[in-house]
Amino acid sequence: MVKVVKFGGSSLASAEQFKKVGAIIRADETRRFVVPSAPGKRNAKDTKVTDMLYECYGIAEEGKEFAGKLGKIRDRYDSIIKGLDLTLSLDEEFQTITKNFKNKAGTDYAASRGEYLNGMIMAAYLGYEFIDAAEVIRFDNDGNFLADETNQILAARLEHSENAVIPGFYGAKEDGTVHTFSRGGSDITGSIVARAVHASIYENWTDVSGFLVSDPRIIDKPAVIHTITYKELRELSYMGAGVLHEDAIFPVRKEGIPINIKNTNAPEDPGTMIVESTCHQPEYTITGIAGLRDFVAVNVDKDMMNSEVGFCRKVLQAFEDNNISIEHMPSGIDTMTVFVQRHDFEGKEQQVLSAIHKYAKPDTIEIEGGLALVAVVGRGMKSTRGTAGRIFSALAHAQVNVKMIDQGSSELNIIIGVSNDDFERAIRSIYDIFVETQL
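Residues numbered from 1 in each chain as written. Predicted model: local features only at pLDDT ≥ 70, side-chain atom pairs only at ≥ 80, totals over all residues. Heavy atoms only, no water.

Help me understand unusual backbone geometry in this model?
What you tend to see is this: most non-glycine residues have negative phi, and most peptide bonds are trans. Its identity as a non-glycine residue notwithstanding, Lys221 has a phi of 50 degrees, on the positive side. Structurally, Lys221 is set in the loop between strand E9 (211-212) and strand E10 (224-225). Located in the positive-phi region is Gln399, a residue other than glycine, with phi close to 60 degrees. Secondary-structure assignment places Gln399 in the loop between helix H13 (387-397) and strand E17 (404-407). For Gln399, a relative accessible area of 70% puts it in the exposed group. (Helix = DSSP H or I, 4+ residues; strand = E, 2+ residues; numbered from the N terminus. Buried < 20%, exposed > 50% of the residue type's maximum accessible area, 1.4 Å probe, protein only.)

Looking at this structure, how should I read the pairing of strand E15 (residues 335-341)?
In terms of burial, E15 is a largely internal element, six of the seven residues being buried. Pairing analysis gives seven bridges linking strand E14 (residues 288-301) to E15, with the strands arranged antiparallel. The residue bridging Val298 from the neighbouring strand is Val338, located in E15. (Pairing = 2+ DSSP bridges.)

Help me out: how do you make sense of the sheet that holds E15 in this one?
What links the strands of a sheet is backbone hydrogen bonding, and the strands pair in either a parallel or an antiparallel sense. Ordered in space as E15-E14-E16-E18-E17, the five strands form an open sheet in which the pairing is antiparallel. Two strands lie at the open edges of the sheet, namely E15 and E17, each paired on one side alone. Each strand axis lies, on average, 35 degrees off the axis of its neighbour in the sheet, ignoring direction. As paired elements, strand E16 (residues 364-377) and strand E18 (residues 413-419) share seven bridges and run antiparallel to each other. In the strand pairing of E18, Leu371 is matched with Ser419. Contacts from helix H8 (residues 230-238) reach E14, E16 and E18, with the element oriented near 65 degrees to E14. (Axes fitted to C-alpha atoms, helices over the stretch in contact; angles between N-to-C directions. Contact = heavy atoms within 4.5 Å.)

How should I be thinking about the sheet that holds strand E6 (residues 170-173) in this particular structure?
Here we have three strands laid out as an open sheet, ordered E4-E6-E7, and mixed in their pairing. Each edge of the open sheet carries a strand with a single partner, namely strand E4 (138-139) and strand E7 (178-180). Across two bridges, the pairing between E4 and E6 is parallel. From the neighbouring strand, Arg138 faces E6, where its bridge partner is Ala172.

Help me out: how do you make sense of the packing of aromatic side chains in this one?
For any pair of aromatic rings, geometry is given as the distance between the ring centres together with the angle between the planes. Taken as a whole and assessed by the stated rule, the structure comprises eleven aromatic pairs. With a centroid separation of 5.8 Å and 45 degrees between ring planes, the pair formed by Phe66 and Phe101 is classed as tilted. Highlighted residues: Phe66 in the loop between helix H2 (49-61) and helix H3 (67-83) and Phe101 in helix H4 (residues 91-102), separated in sequence by 35 residues. Phe101 carries the same exposure label as Phe66, and that label is buried. Connected via pairs of aromatic rings, a cluster forms that spans Tyr57, Phe66, Phe101 and Tyr109. Here Arg113 stacks its cationic end above the ring of Tyr116, 4.4 Å away from the centre of that ring. Positioned above the aromatic ring of Tyr170 is the side chain of Arg113, whose terminal nitrogen or guanidinium carbon lies 5.4 Å from the ring centre. (Phe/Tyr/Trp six-rings, centres within 6.5 Å; stacked < 30°, edge-to-face > 60°. Lys NZ or Arg CZ within 6 Å of the ring centre and 35° of its normal.)

What's the story with the packing of H13 against helix H14 (residues 423-436) in this structure? I'm lost.
Viewed as axis vectors pointing N to C, H13 and H14 meet at an angle of 130 degrees, and their least axial separation amounts to 9 Å. Judged by the inter-axis angle, H13 sits oblique to H14. The way H13 lies across H14 gives a crossing that is right-handed. Each of Thr387, Arg390, Ile391, Ala394 and Leu395 in H13 lies in contact with H14, whose residues at this interface are Ala426, Ser429, Ile430, Ile433 and Phe434. Split by residue class, the contact of H13 with H14 holds seven nonpolar, two polar and one charged. (Parallel < 35°, antiparallel > 145°, perpendicular 65-115°, else oblique. Left-handed = near helix turned anticlockwise from the far one by under 90°. Nonpolar A, V, L, I, M, F, W, Y, C, P; charged D, E, K, R; others polar.)

I tried to follow the pairing of E16 on my own but got confused; where do I start?
Walk down a regular strand and you will see the side chains alternate between the two sheet faces. Two strands pair when backbone bridges link them, and E14 and E16 are joined in this way by eleven bridges, in the antiparallel orientation. Paired with Ile289 across the bridge in E16 is Val376.

None of the figures reported here should be taken as evidence of function without further support.
Here it is in structure tokens:
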């Protein structure tokens with residue numbers, strides 16, 4: 001058995017947290033490959049090292065003196081090294097960082113140093129081999145991740161390695177330029193490493209005991225999901241559930257490798273197993289509830305729209321021309337509605353409307369903002385009668401007006417559009433009927 005273990009920023013924020021992580025890794029000799037994040041917050045008023053690096057590099061890019069800011073970052077790492085009683089020195093690394101900041105090496109390089117330095121400390125603490133992610137994770141010159149090439153390089157590098165630390169979040173383009181994944185991308189690195197070594201399991205350690213049925217900022221102490229499929233997790237992650245980066249699923253899904261979400265501060269808790277498929281019956285009809293605010297609905301009306309070949313394509317062309325991604329597209333006989341994120345649409349709304357008129361020649365177009373989308377996800381919904389009815393009954397009882405309903409043919413999820421003001425009330429009402437009361 002081979003396990004790949006990834007630890008998030010809160011798990012590595014201090015020497016005390018490092019010691020917890022070290023004990024977890026040493027407790028199981030099959031935990032052979034470690035992917036660390038940059039140090040996170042030590043307390044609510046603290047700042048993540050990645051954010052400190054962005055700020056520091058921004059000052060350097062303006063040509064201003066940044067030594068003081070970089071010194072505070074150095075202090076964070078030195079406090080961890082001292083707390084672990086290591087003899088490791090980062091003098092050479094910080095000299096290189098200073099030089100590259102002055103030469104304006106880029107924000108990706110700057111942000112990646114958080115994981116890079118933490119990886120060096122982790123390797124020294126565990127006595128593991130350190131492998132710079134820039135040497136084994138590849139992007140093309142446009143910044144697109146090269147999955148197959150990376151897998152070949154990484155598999156060959158790790159084939160004869162007994163134990164190794166590979167920093168998360170970044171890799172490099174073909175010319176050696178450092179490039180990062182989006183925020184939270186250390187999850188993706190862990191998944192990539194798991195695929196390369198054909199891991200038995202990928203353990204993702206964080207500060208919660210698994211994936212929760214709903215957002216704890218909205219629901220007080222929500223239930224833990226014990227088993228969830230890749231598809232369910234993908235739906236929930238896309239709609240804002242933030243324990244795992246949504247793109248971390250793809251590398252392990254190809255190999256059928258399960259992911260176990262675990263709590264660094266409560267390592268005995270079973271956490272959540274993320275699997276390809278399972279006969280495990282969900283505890284509730286639904287697996288999870290997630291959602292996002294700030295969407296815009298573009299309602300396009302045209303008589304006899306259903307008989308006009310290519311009408312939908314013409315409308316969507318207007319959004320594509322303006323590089324706006326579509327979220328959902330419910331339609332009727334003479335109307336179709338396109339849901340988009342407000343921050344993508346707001347500055348381009350008139351260009352989009354003009355293009356829709358040009359391509360599709362609709363009768364009318366109306367825009368409605370201030371909308372939120374709530375996703376109710378669960379493999380149990382397919383075999384349970386009346387799920388949609390229970391959802392809408394709960395929303396009606398909570399006096400939530402439903403603006404949109406969209407259910408895929410897989411019956412894995414139901415998307416509901418509500419106003420931003422009703423967002424939290426909608427989630428609470430759905431959680432109550434399926435989890436609290438289980439009517």
